[in-house]
Structure formats: C-alpha cells, structure tokens
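Inside the fold
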Amino acid sequence: MTKKNTTIYDISKKLNVSVATVSRALNNHPRISQETKELVMAAAKEMNYKQNNLAKALKSGETKTVGVIVPYINTNFFSSVIRGLEEELSPHGYHVIICQSHEDAAIEKKQLNTLLNTQVDGIFISIARNTSDMEYIKEILATTNTPIIFFDRKKDIPGISTITIDDHKGAFMATEHLINQGYKNICHFSGDQNLEIYQNRLNGYIDALKANNLPVIKENIINTGSSIEEGINAVKSLWKRKIKPDAIFSASDFTALGACKEIKNLKIKIPEDIGVIGFSNEPFTQFMELSISSVDQTPVVMGKISGNVFLERIKDNSSGISIEKKLVLAPTLYIRQSSDRK
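An account of the accompanying structure is given in this report.

Calculation notes
Residues numbered from 1 in each chain as written. Predicted model: local features only at pLDDT ≥ 70, side-chain atom pairs only at ≥ 80, totals over all residues. Heavy atoms only, no water. Axes fitted to C-alpha atoms, helices over the stretch in contact; angles between N-to-C directions. Helix = DSSP H or I, 4+ residues; strand = E, 2+ residues; numbered from the N terminus. Parallel < 35°, antiparallel > 145°, perpendicular 65-115°, else oblique. Left-handed = near helix turned anticlockwise from the far one by under 90°. Contact = heavy atoms within 4.5 Å. Nonpolar A, V, L, I, M, F, W, Y, C, P; charged D, E, K, R; others polar. Buried < 20%, exposed > 50% of the residue type's maximum accessible area, 1.4 Å probe, protein only. Pairing = 2+ DSSP bridges. Right-handed = clockwise from strand over helix to strand, strands pointing away. 1 Å grid on protein atoms, 1.4 Å probe; cavity = no way out; pocket = protein on both sides within 12 Å on 5 of 7 lines; lining within 4 Å. Points joined across faces, edges and corners; volume = space filled by probe spheres on them. Arc of directions from axis to C-beta. Salt bridge = Lys/Arg side-chain N within 4 Å of Asp/Glu carboxyl O. Phe/Tyr/Trp six-rings, centres within 6.5 Å; stacked < 30°, edge-to-face > 60°. Lys NZ or Arg CZ within 6 Å of the ring centre and 35° of its normal.

With their axes 8 Å apart at the nearest point, helix α1 (residues 8-15) and helix α2 (residues 19-26) run at an angle of 110° to one another. Classed by the angle they form, the pair α1 and α2 counts as roughly perpendicular. The way α1 lies across α2 gives a crossing that is right-handed. Contact with α1, carried on its side by Ile-8, Tyr-9, Ile-11 and Ser-12, involves Val-19, Val-22, Ser-23 and Leu-26 of α2 and no other residues of that element. Residue composition of the contact of α1 with α2, by class: 6 nonpolar, 2 polar and no charged.

Listed below in structure tokens is the structure:
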C-alpha cells in the first residue's frame, strides 16, 4: 500500500487552524505571528511534509529553476562558469539544471525545447561549434518571455544579452608578449573557425603581428580543434618544414599542452628554442613541471555576471521593461615558464 503524502490539510487538522493559516505560515506571510509560524513549521517537520513545488510554481508563475546548456561539463572553464552562476543565483532561491550539447547543434536545440517545456525561469547557453541556424531561437523569443542569455560562445541576436571575454584583446596580449620576449616566427593554432571566439583570437594574433611590423604568414596559421592530440599533430606537421617556428600561440590550452608534449619528445628546449602560450588558463597550466603561459577568461566572474544579468532581466520584466546587454570582460595574461625567456 502506497504511503499517503502529508498535505497542508493534515497540518491544519492537527493544529486546529485554517488551511489558509497553514499556507501563509509556510510561505512566511507577514500577517501570521511568529508563534504560529513556529508551530506550523514544527508540525510540518514532525509530519514529514514536503511542499508541492509544482503547485507553488503554478501559483507564482516561477519555478525558481534555470537551465544551462554547455558543450561539455568536464572542462574547468564551463564548470567554473556554472559555479559562478550558482553562487549568484542560489541566494535568490534558484536551482540550476545542467545540460550538455556534446558540440551538437541538434542536441542543443532539443535540450533548449526540453528546458522550455520544464518551464524554467531562464536559460543560459554557450553554443555548440556547429550551431549556425538561429531561426528557432528567434521564434522562441517571439513566443515566450523566458530570458535567454549567451555566454562565452554566442550569436548576436536582438533581444538576447551576451557575456563574453575580449578574445581579440587576449590574443593580442599573448602574441605581443611572445614578440617582446624576442620571438619572431610565431605560429598560431587557430581553433574551430566556425566559432566567433576563435575568429576573434585569430584576428588578435594577426593584428599584434601587424602592430609590431612582423609579417602575417599564411602557413603559420594552423587550423586545429581544441584537443591535446591536435596539438601533437600540429607540431609534427610544423617540424616537417624547412623553416620552423620559434613560438606558438594556441587558441586552446589543451592544444598548447599537446604542443609542449611533442616539442619535449623532439628534444627541443622550451622556452629557449621555442615559446608556447595557450588560452583559457586551465588549472593544469600552472601545476605542470613546465608551467604554461595562458590567457585567463575569468569564468567564475563570467558566471556571476551572467546570473546578475538574468536577475536584472527578471526585475525589468516585472516593470514591463526589457533591456538587452552586451557585456565584454577584460582578459588577464599569466606569464609562466613556457614563454618567459627572462
């Protein structure tokens, strides 16, 4: 026989008070005395009462949940953004539902619709690498008031706020640092150019070379993904050339790590013979035997600011105002052994 869940009617009967009084006490209504609130809460605990969150959501129009869609959860960057988001929203009573797109636009779309059907109060997205069609997002914006916020990887869509890092500036800083260390023939592992963040990092690299009167050599721009294996393969390819690079700026820390591994296998000295610098400041970059220079994206701060933008949007909606924000955070360059010749 299934055990019956305790209801506010059971608490009302036990305490001999009205159902309305129990409901108000459980929701901390100011018209209910502290003594009554304590009696109701004690009875609720004793009777193992569980509040019906669905009914509460239907009444208030809020579920106090938000959804987050990221390509993968097992990277420090995305897990740190989610940490910042939770730290910002948790004090306001929000819970976070995490989804992974696995870099697949079709899965991303499916998860977005699932979150909407779950009636989350807001959705945060860092898009998959093959996401291109944004028409369904525009249709959602036209038919729902649910805020959608892009972070890190984004598309520019009217009505959607974005929180990103200045990828161009970060890449410019990294490349110019290598130049200031005396490196002249600098290669760039460019990442997936379907994503705007990697396009901006490529442009930052190119602009730094131009600003320092160094030639932009097409062959020095190596198209890679963001994996260790691709960094290894890219270095193998470079070392088949007659003229070899004296520095590598990678748009990904993982590719930079692969590059360092293969350079070590080739018995080439870092940073004396070749400098290496990555992007994202993953934790492993500072704890390796040979620490890797990198550009930090302040992911926890990005998560906190994303949460704050959502809270402001909710507040704006209640007053009939909707403000779209485009926030760009400043990157920080961390110089370590892999590129510091001094």
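Picking up after the structure, the text goes on.
Burial of strand β1 (residues 65-70) is extensive: 6 of the 6 residues sit out of reach of the surface. Of the two faces of β1, the one lined by Thr-65, Gly-67 and Ile-69 and the one lined by Val-66, Val-68 and Val-70 are each fully buried. As paired elements, β1 and strand β2 (residues 95-100) share 6 bridges and run parallel to each other. Pairing of Ile-69 across the sheet is with Cys-99, part of β2. Each parallel crossover has a hand, and for β1 linked through helix α5 (residues 76-89) to β2 it is right-handed. Note that β1 and strand β3 (residues 122-125) share 4 bridges and pair parallel. Considered in β3, the bridge of Val-66 is made with Gly-122.

A word on the layout of surface pockets. To locate leftover empty space, one rolls a probe as large as a water molecule over the atoms. Its volume calculated, the second largest pocket comes out at about 440 Å³. Looking at the second largest pocket, it is lined by 25 residues, and the ones nearest its centre are Thr-75, Arg-153, Tyr-198, Ser-226 and Phe-254. If you list the elements that add at least two residues to the lining of the second largest pocket, you get α5, α9 (196-211), α10 (228-238), α11 (253-265) and β9 (275-280). Element by element, the count of residues in the lining of the second largest pocket is highest for α9, at 3 residues. Each residue belonging to the lining of the second largest pocket can be placed in one class, and the counts come to 10 nonpolar, 7 polar and 8 charged.

Of the residues making up helix α7 (residues 135-143), those classed as buried are Tyr-136, Ile-137 and Ile-140. Around the axis of α7, the buried residues are gathered within 105° of arc, so they sit on the same side. Along α7, the residues that are exposed and aim more than 90 degrees away from the buried face are Glu-139 and Ala-142. Looking at the buried residues of α7, the elements they touch are α6 (105-117), β3 and β4 (148-151).

The subject of this paragraph is the pattern of salt bridges. According to the stated counting rule, one finds 12 salt bridges in the structure shown. A salt bridge links Glu-87 to Arg-83, with the nearest nitrogen and oxygen atoms 3.0 Å apart. On the criterion of helical spacing, the pair formed by Glu-87 and Arg-83 is a turn pair, its members being 4 residues apart in helix α5. Assessed through its relative accessible area of 48%, Arg-83 is described here as partly exposed. Between Lys-138 and Glu-135 there is a salt bridge; the shortest N-O distance is 3.5 Å. Within this pair, Lys-138 and its partner Glu-135 are both found in helix α7, separated by 3 residues, close to a single helical turn. According to the relative accessible area criterion, Lys-138 is partly exposed, its value standing at 40%. Overall, the relative accessible area of 44% leaves Glu-135 in the partly exposed class. Each of Glu-103, Arg-129, Arg-153 and Asp-192 takes part in a single network of salt bridges with overlapping partners.

Read from one edge to the other, the open sheet built from 6 strands follows the order β2-β1-β3-β4-β5-β11, with strand pairing classed as parallel. Of all the strands in the sheet, just β2 and β11 (326-329) have a single pairing partner and so form its edges. With strand direction ignored, the average angle separating the axes of adjacent strands in the sheet is 15°.

So, about the packing of aromatic side chains. This model, assessed by the stated rule, comprises 5 aromatic pairs. Look at Phe-77 and Phe-78: their rings are 5.1 Å apart centre to centre, the planes differ by 70°, and that puts the pair in the edge-to-face class. Owing to a relative accessible area of 4%, Phe-77 belongs among the buried residues under this scheme. Summarising the aromatic geometry, the rings of Phe-249 and Phe-279 are spaced 6.5 Å apart at their centres and angled 50° between planes, so their arrangement reads as tilted. Taken together, the positions of Phe-249 in strand β8 (residues 247-250) and Phe-279 in strand β9 put the pair 30 residues apart, joining distant regions of the chain. Across the pair, exposure class does not vary: Phe-249 and Phe-279 are buried alike. An aromatic cluster is built from Tyr-94, Phe-124 and Phe-310, whose rings are joined through pairwise contacts. A cation over an aromatic ring shows up here: Arg-201 above the ring of Phe-279, its NZ or CZ 3.8 Å from the ring centre.

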